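Breakdown of the fold
Below are the chains, spelled out letter by letter.
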Amino acid sequence: MEFSLSKRSLERLALIHPDLRKTVQLAILHSHVDFGVSEGLRTLERQKQLFKSGATTTLQSRHLTGHAVDLVAYVDGEVRWDWPLYHKIADAMKAAADGLNIPIKWGGDWKSFPDGPHFQLRWRDYPA
């Protein structure tokens, strides 16, 4: 089955780096799991709120510069947080990034504070 991004997801992609935008747009076409964009560019105020709540461990997020995106899985139109779904989304994102020769990092690969919905352009290749 081929999925597509909603208008809301496309709006959230509009302000992120074009290479990450292209990666997400290609990944949805080949993903085995439907997904949408829950967050792209983020304000410092929003980042501080997430930090205070414990949802993030940094105030230096790639979201602040448009170099990161959070994706959310959908099953039968409902948001789901099951880790196996995010592994499938990561597979689609990594394959799309490889095909486009765009280096990305998946938050689910992080040893401390794994973040399944999070994808970002690598710092060394895309300095802020």
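What this report covers is the structure whose coordinates are included nearby. Since we're looking at a predicted model, the values are computed, not measured. (Residues numbered from 1 in each chain as written. Predicted model: local features only at pLDDT ≥ 70, side-chain atom pairs only at ≥ 80, totals over all residues. Heavy atoms only, no water.)

**With respect to the side chain of His118**
- Note that His118 resides in strand S5 (residues 118-121).
- Engagement of the side chain of His118 in a polar contact is seen with the side chain of Gln120, the distance being 2.8 Å.
- Beyond its immediate stretch of four places on either side in the chain, His118 contacts His63, Ala68, Val69, Asp70, Lys105, Trp106, Gly107 and Trp110. (Helix = DSSP H or I, 4+ residues; strand = E, 2+ residues; numbered from the N terminus. Polar contact = N/O pair within 3.5 Å; in protein donor to acceptor, adjacent residues only side chain to side chain. Contact = heavy atoms within 4.5 Å.)

**Notes on the side chain of Asp115**
- Relative to the helices and strands, Asp115 resides in the loop between strand S4 (104-106) and S5.
- Setting aside its immediate chain neighbours within four residues, Asp115 contacts Trp83, Trp106, Gly107, Gly108 and Trp110.

**Describing the environment of Trp106**
- Along the chain, Trp106 falls in strand S4.
- C-alpha of Trp106 to C-alpha of Ala55: the two residues are 51 residues apart in sequence and 16 Å apart in space.
- Reaching out from Trp106, the side chain makes a polar contact with the backbone oxygen of Gly116 at a distance of 2.6 Å.

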